[in-house]
Amino acid sequence: ASTRCAYAGFLALEGDVPAAAAQYAKATARRPDLFRAWIDHAGACTALGRHDQAVRDLETAARLCPEDPSVPKLLAEAERRRTRPDEPDGPDGPR
């Protein structure tokens with residue numbers, strides 16, 4: 001599963017976000033305890049406009065690693081994108 005995540009990261013860097021999302025999904029199915037895979041799958045889903053899935057992934061990540069300080073911010077941003085998808089990002093990127 002970690003090899004699949006590395007490959008997914010490569011695909012994302014190459015711009016093939018749909019393929020990266022598919023690889024992250026396979027990794028989380030095989031190893032649902034891989035915190036980073038859930039975070040990365042959420043990012044790919046966000047890039048693809050799959051905001052509901054991104055929120056679900058981040059909720060899973062929050063359950064897996066509640067002490068990670070990045071998850072609440074990522075989850076809040078995913079919720080904002082899900083509920084207000086047409087709202088533009090701020091001048092410094094996503095809020």
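Residues numbered from 1 in each chain as written. Predicted model: local features only at pLDDT ≥ 70, side-chain atom pairs only at ≥ 80, totals over all residues. Heavy atoms only, no water.

Draft legend 1. Looking closely at the packing of helix α1 (residues 2-13) against helix α2 (residues 17-30). Following both chains from N to C, one finds α1 and α2 inclined at 165°, their axes separated by 8 Å at the closest point. Here α1 lies roughly antiparallel to α2, going by the angle between them. Considering only the axes of α1 and α2, their crossing is left-handed. In this structure, α1 uses R4, C5, Y7, A8, G9, L11 and A12 to contact α2, whose residues at the interface are A19, A20, Q23, Y24, K26 and A27. (Axes fitted to C-alpha atoms, helices over the stretch in contact; angles between N-to-C directions. Helix = DSSP H or I, 4+ residues; strand = E, 2+ residues; numbered from the N terminus. Parallel < 35°, antiparallel > 145°, perpendicular 65-115°, else oblique. Left-handed = near helix turned anticlockwise from the far one by under 90°. Contact = heavy atoms within 4.5 Å.)

Draft legend 2. Main features of the side chain of T28. Relative to the helices and strands, T28 is located in helix α2. For T28, a relative accessible area of 7% translates into the label buried. (Buried < 20%, exposed > 50% of the residue type's maximum accessible area, 1.4 Å probe, protein only.)

Purely geometric stuff here, so don't read any function into it on its own.
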